[in-house]
Each structure stands twice: as C-alpha cells, then as structure tokens.
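A look at the structure
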Amino acid sequence: MPQILNFSEHANDEEVSYLTTLLLYHLVERCGGTLEFTVEDVNQIRTRLATKMVQIQLGNDVRLRIIDRVPELQ
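Residues numbered from 1 in each chain as written. Predicted model: local features only at pLDDT ≥ 70, side-chain atom pairs only at ≥ 80, totals over all residues. Heavy atoms only, no water.

Some points on the overall build of the chain
To be explicit about the condition: The helix count covers DSSP runs of H or I at least four residues long, the strand count covers runs of E at least two residues long, and both are numbered beginning at the N terminus. Per-residue accessibility, obtained with a 1.4 Å probe over protein chains only, is compared with the maximum for each type, and a residue is labelled buried under 20%, exposed over 50%, and partly exposed between these values. Contacts are assigned to residue pairs that have any heavy atoms within 4.5 Å of one another. Per-residue and other accessible areas were derived by the Shrake-Rupley procedure at a 1.4 Å probe size, with only the shown protein chains allowed to occlude residues.
Along its length, the chain carries two helices and three strands. When its helices and strands are written in sequence order, the chain yields β-α-α-β-β. Looking at the chain as a whole, 16% of its 74 residues are labelled buried. Taking contacts inside the chain between residues at least 6 apart in sequence as the whole, the part at least 24 apart equals 53%. Entry remark: accessible area of the chain is about 6,200 Å², with carbon and sulfur atoms responsible for 53%.

In structure tokens, the structure reads:
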C-alpha cells in the first residue's frame, strides 16, 4: 500500500522516492536542523495513513498534499 501517490507526468516512482528524501532534508533544515516527534506521534500517523496519504505533484513547482486515500488503496 503506497503512502505517496505520484501524480506526475515528469517523474517515475524511483525519482519521486529520491525527491522525497530531498524534501525531508529541506524540511529538517527549515526547522533549524532538528525535527522531533514522539512514539505516540508516530502511532497516530500510522493510524491516519489507513485513510490518508501524501499526494505529490511535480511540474514547475513541487506540491505535497495530504488527501483521502482512494478506496482501492485502503
């Protein structure tokens, strides 16, 4: 069950996986070099991933959104 839905005509899933790593780095860097969360936070996120997922759209800009998981991916 994918956690990232790739809606891009410009990149394949391998490129999106690499881009995800770059985006994580960018996020941590923008948060002052440290991003912390608890085990409880992780468990809540895992629960939400049953009905939600991240959508990535690539074009001139990169857009990430949290969307409802489509029924066939639940």
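From this point, the narrative continues.
Quick look at the pattern of salt bridges
The cut-off we apply is this: Whenever a carboxyl oxygen of Asp or Glu lies within 4 Å of a side-chain nitrogen of Lys or Arg, that contact is scored as a salt bridge.
Enumeration according to the criterion identifies one salt bridge in this entry. A salt bridge links Lys52 to Asp68; the shortest N-O distance between them is 2.4 Å. Of the two residues, Lys52 sits in strand S2 (residues 52–58) while Asp68 sits in strand S3 (residues 62–68), which places them 16 residues apart along the sequence. By relative accessible area, Lys52 is classed as partly exposed at 31%. Accessibility expressed as a relative area gives 51% for Asp68, which makes it exposed.

Topic: the pairing of S2
The following threshold applies: Strand pairing requires that DSSP identify at least two bridges connecting the strands.
One ladder, built from seven bridges, connects S2 with S3; its direction is antiparallel. Its bridge partner being in S3, Gln55 is matched across the sheet by Arg65. If you look at the hairpin formed by S2 and S3, you'll find three residues sitting between the two strands.

With respect to the nonpolar core
Quick note on the threshold: Residues enter a nonpolar core if they are buried and are Ala, Val, Leu, Ile, Met, Phe, Trp, Tyr or Cys, with the set joined through side-chain atoms within 4.5 Å.
Grouped together as the largest cluster of nonpolar side chains are five residues: Ala11, Val16, Leu19, Ile56 and Leu58. Put simply, the parts of the chain that give this core at least two residues each are helix H1 (13–30) and S2.

Observations regarding the side chain of Arg69
Note the following rule: Each polar contact in these results corresponds to two N or O atoms within 3.5 Å; when the atoms are within protein, one needs to be able to donate a hydrogen and the other to accept it, and residues that are neighboring in sequence are counted only if both atoms are side-chain atoms.
Structurally, Arg69 is set in the segment after S3. For Arg69, the side chain forms a polar contact with the main-chain oxygen of Leu49, separated by 2.9 Å.

Some remarks on H1
Heads up, the condition is: Under the convention used throughout, the expected extent of a helix is 1.5 Å for every residue step, that is, one less than its residue count.
Across its 18 residues, H1 extends 25 Å between first and last C-alpha, which sits within 8% of the 26 Å expected from 1.5 Å per residue. Count one or two residues on from H1 and you reach Gly32, which has phi positive near 85°.

Topic: a nonpolar patch on the surface
Heads up, the rule is: Here the term patch refers to residues with relative accessible area over 30% and no salt bridge, with like charges joined within 9 Å and nonpolar side chains (Val, Leu, Ile, Met, Phe, Trp, Tyr) within 5 Å.
Taken together, Leu24, Leu27, Leu35 and Phe37 make up a surface patch of nonpolar side chains, about 390 Å² in accessible area. Considering the arrangement of structural elements, one finds Leu35 in the loop between H1 and helix H2 (39–48).

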